[in-house]
Amino acid sequence: MLAKTAITSLCAVRHAPLAVAARGIANIPAHEYHIRFDQRVGRKRPAQDVLDRFKRLNNGMWIHAHPGRHKLRYMKDDTWQTTSLYYETCTKEQCEILDKLMTPYWLRPKHYPNDPYSAYHVRHNINSPRVDDRGRFLRERKKVLLDDSTSQRFFNDF
Amino acid sequence: MSGAQYARLVPKKYRSRTLPKVDRPWRPRVIAWAGPAAFYPNRFYEIDKWYKARIDKPEKLPKMHIIDPADHMKSLNELLAKPELEQINIGFKKQESTSKSHKSEEDRVELERKSRHMQLRIDIDSLEVQNLAVFRHFQVFDHLFGENVFFENVQNLEINFGDDAVHSGNILTASTTSSRPEVSIEGVGKPGFNTLLMVNLDGNAFEKQGELVQWLVSNIPDGEGVKSGEEVVEYLQPLPFYGTGYHRVAFVLFRHQEKIALDFNGSSLENRIQQISQFYKAHENQLTPSAIRFFQTSYDNSVKTALHSLGLKSPLYEYEYTPALKPDQREFPEKPQPFDLYLDMYRDPKEVEAEVLEKRLAEVGLEDVQEPKWVDPDYVENKKTLPPWLHSKMLERKGVGHAKYHNELK
């Protein structure tokens, strides 16, 4: 009898705390979906959650991992097993919202050594002019003073 | 400081009433904001750029695979079958072989028993296998003399490149054919002449119609060797260019009573091209084909050296695949797309190739291009740490993964 209690105390079952907030689409803490300002500095603070979960390419495109890709994988089909691993693009609206949640520092183009994303920082073969939210032109490269025909011949990225 | 702030430095009574307006291009900004239809004269329906005097636009129909409703129940074999016409023999009549032995019933039973027990031995060398079906299958007669034409092998013709003999359609390497073959022609025993023609049926790389004559020796007296004939066109080894697959090279033996004068202008590669059907048509009254052999060759380094010795470059033929269909690029795609695949689709292929080369040089030297035994030795670690799109690129064995280690031209 005594031995049995000793065993039970050794192998004590640890119950998971009941009040673990499962972080789903329904309960995102309120401070995370607002633009927050730091009172002490008097400036906007970037949303840390966005920085953790998303990645901004230098061309303004935000990408993110497929949400819920770890859920019930064994139940889902082969196509889903592969496509769920893709990093997905955001829509224009989402990109604009995410840009607003950032500070100018994070919107600046970044260049890192051995960057695996380096090939994707420049968009190619987009001819339409692009502007940011304040109506300024967005450029992939520094503006070179060339006439249009020459620049179209040598630079196919906008 | 903005322009307005600068302006405020000047006392108001000396300032002009309004700021000077700088004329900036505003149209592209509006187009970027409102879309390309912003300045169309009529934005409710599409503008038509066609000149109005033109009565009808050219009808653009998509290229479609047309199925004739009358034929669609037929099988492919039935559709491809040509109407059977009677084949015309342009050569000599085949001699009836008289040495056919009649077997008795007992012999037949014995033979059958042997064959059932896998004991029946047949000496293949002693058999005379002259099956024209192989020639028909490779369309040798069709491409030499036109359709519905054939002739029998009535004269024995033996051609050897060293140890390799030419039969009907066997494959020889291009390097074995670099020097002229030993030819022995059976003598018929009657006065007459033979003419030997060697043609590459697939070797014509020029605009001109025809086949490439590799070798032409005419007026070989009956029962004598090739050396006693006149070499009209010098021997040139068959030149199956890189990427053109197997070439059929045929030896045709013609028989004629009188001496014949064949004229070929020069033996440069372009001058060797001759339509054999026309050549035969011109000399139809004198020449009668009596034997045919053919072999196949494909590209080899000897072809390159032979072309270089002729003062030519070795051409490389490649299959041009139709580029994959892709949707128009959107700046921000509506539906979420895999970002790497989506952006790769619209990248310049040259830039992608440069990236492959860079990778290749980073991982392996120019000299020792060795495919590693394992693509990713620390798979488990990488699976946890790397982003999946990067890891899948590392694991791929086709595409970039293949091109890293396999150089087609080397």
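For clarity, every value in this text was computed on a predicted model and none was experimentally measured.

## Quick look at the overall build of chain A
Looking only at helices and strands, chain A has 6 helices and 5 strands in total. Among the 158 residues that make up chain A, the fraction classed as buried is 10%. Relative to all contacts within chain A whose residues are 6 or more apart in sequence, the contacts with residues 24 or more apart total 54%.

## Side note on the overall build of chain B
For chain B, the helix and strand inventory stands at 13 helices and 12 strands. Per-residue burial for chain B yields a buried fraction of 18% across its 410 residues.

## Notes on the interface of chain A and chain B
Taken residue by residue, the interface counts 22 residues in chain A and 25 residues in chain B. Looking at the side of chain A that touches chain B, the elements that each hand over two or more residues are strand 5 (87-89) and helix 4 (92-100) of chain A. The dominant element in the side of chain A that touches chain B, judged by the number of residues it contributes, is strand 5 of chain A, at 3 residues.

## Structural notes on the sheet that holds strand 3 (residues 157-161) of chain B
Residues and elements named next belong to chain B. One open sheet holds the 3 strands; their spatial order is 4-3-6, and the pairing between them is antiparallel. Both edges of this open sheet fall to strand 4 (164-165) and strand 6 (182-185), since each of them pairs with a single strand only. Here strand 3 pairs with strand 4 via 2 bridges, running antiparallel. Bridge pairing in strand 4 places Phe 161 opposite Asp 164.

## What to know about the pairing of strand 3 of chain B
Successive residues of a regular strand alternate their side chains across the two faces of the sheet. Residue and element names in this part refer to chain B. Note: strand 3 against strand 6, 4 bridges, orientation antiparallel. Of the residues in strand 6, the one forming a bridge with Ile 159 is Val 183. Linking two consecutive strands that pair antiparallel, namely strand 3 and strand 4, is a turn of 2 residues; a positive phi of about 65° is found at Gly 162 within it.

## Describing the environment of Thr 91 of chain A
Mapped onto the elements of the fold, Thr 91 of chain A is located in the loop between strand 5 and helix 4. In sequence terms Thr 91 of chain A and Met 61 of chain A are 30 residues apart; their C-alpha atoms lie 8.6 Å from each other.

## Here we look at the nonpolar core
Counting residues in hydrophobic clusters, the biggest one holds 36 residues, and the most contacted among them are Leu 196, Leu 197, Val 199, Ala 250, Phe 251 and Val 252 of chain B. Looking at this core, the elements with two or more residues in it are helix 6 (140-145), strand 6, strand 7 (193-200), strand 8 (211-221), strand 10 (247-256), helix 7 (276-282) and strand 12 (288-297) of chain B. The contact partners of Val 252 of chain B, leaving out residues within four places of it in the chain, are Leu 144, Leu 197, Val 199, Pro 289 and Ile 292 of chain B. Counting 14 residues, the second-largest nonpolar core is a separate cluster that includes Met 61, Leu 98 and Met 102 of chain A together with Leu 343 of chain B.

## Some thoughts on the sheet that holds strand 4 (residues 62-65) of chain A
All names here are of chain A. Strand order in the open sheet formed by 3 strands is 3-4-5, with antiparallel pairing between adjacent strands. Here the strands that pair on one side only, and so sit at the sheet edges, are strand 3 (54-56) and strand 5. Between one strand axis and the next, the sheet turns through 30° on average, direction left out of account.

## Description of the environment of Thr 89 of chain A
Checked against the element boundaries, Thr 89 of chain A lands in strand 5. In sequence terms Thr 89 of chain A and Trp 62 of chain A are 27 residues apart; their C-alpha atoms lie 6.1 Å from each other. Thr 89 of chain A has contacts with Met 61 and Ile 63 of chain A together with Pro 333, Pro 336, Gln 337, Phe 339 and Tyr 342 of chain B, leaving out every residue within four places of it along the chain.

Conventions and cut-offs
- Just so you know, the residues in each chain are numbered from 1, in the order the chain's sequence is written.
- Chains and ligands are labelled by the order in which they are written, letters from A for the one and numbers from 1 for the other.
- Selection of residues for local features in this predicted model requires a pLDDT of at least 70, selection of side-chain atom pairs for listing and counting requires 80 or more, and totals for whole chains, interfaces and linings are taken over all residues.
- Think of it this way: any DSSP run of H or I at least four residues long counts as a helix, any run of E at least two long counts as a strand, and we number them from the N terminus.
- In this scheme every C-beta is placed from the backbone, and a residue whose C-beta has 20 or more other C-beta atoms within 10 Å is buried, one with 12 or fewer is exposed, and one in between is partly exposed.
- In this description, any two residues whose backbone-derived C-beta atoms lie within 7 Å of each other are considered to be in contact.
- Two strands qualify as a pair provided DSSP detects at least 2 bridges between them.
- For the purposes of this analysis, a nonpolar core is taken to be any set of buried Ala, Val, Leu, Ile, Met, Phe, Trp, Tyr and Cys residues that are connected through C-beta atoms within 7 Å.
- Orientation is described by lines fitted to C-alpha atoms, with helices fitted over the stretch in contact, and by angles between N-to-C directions that extend from 0 to 180 degrees.

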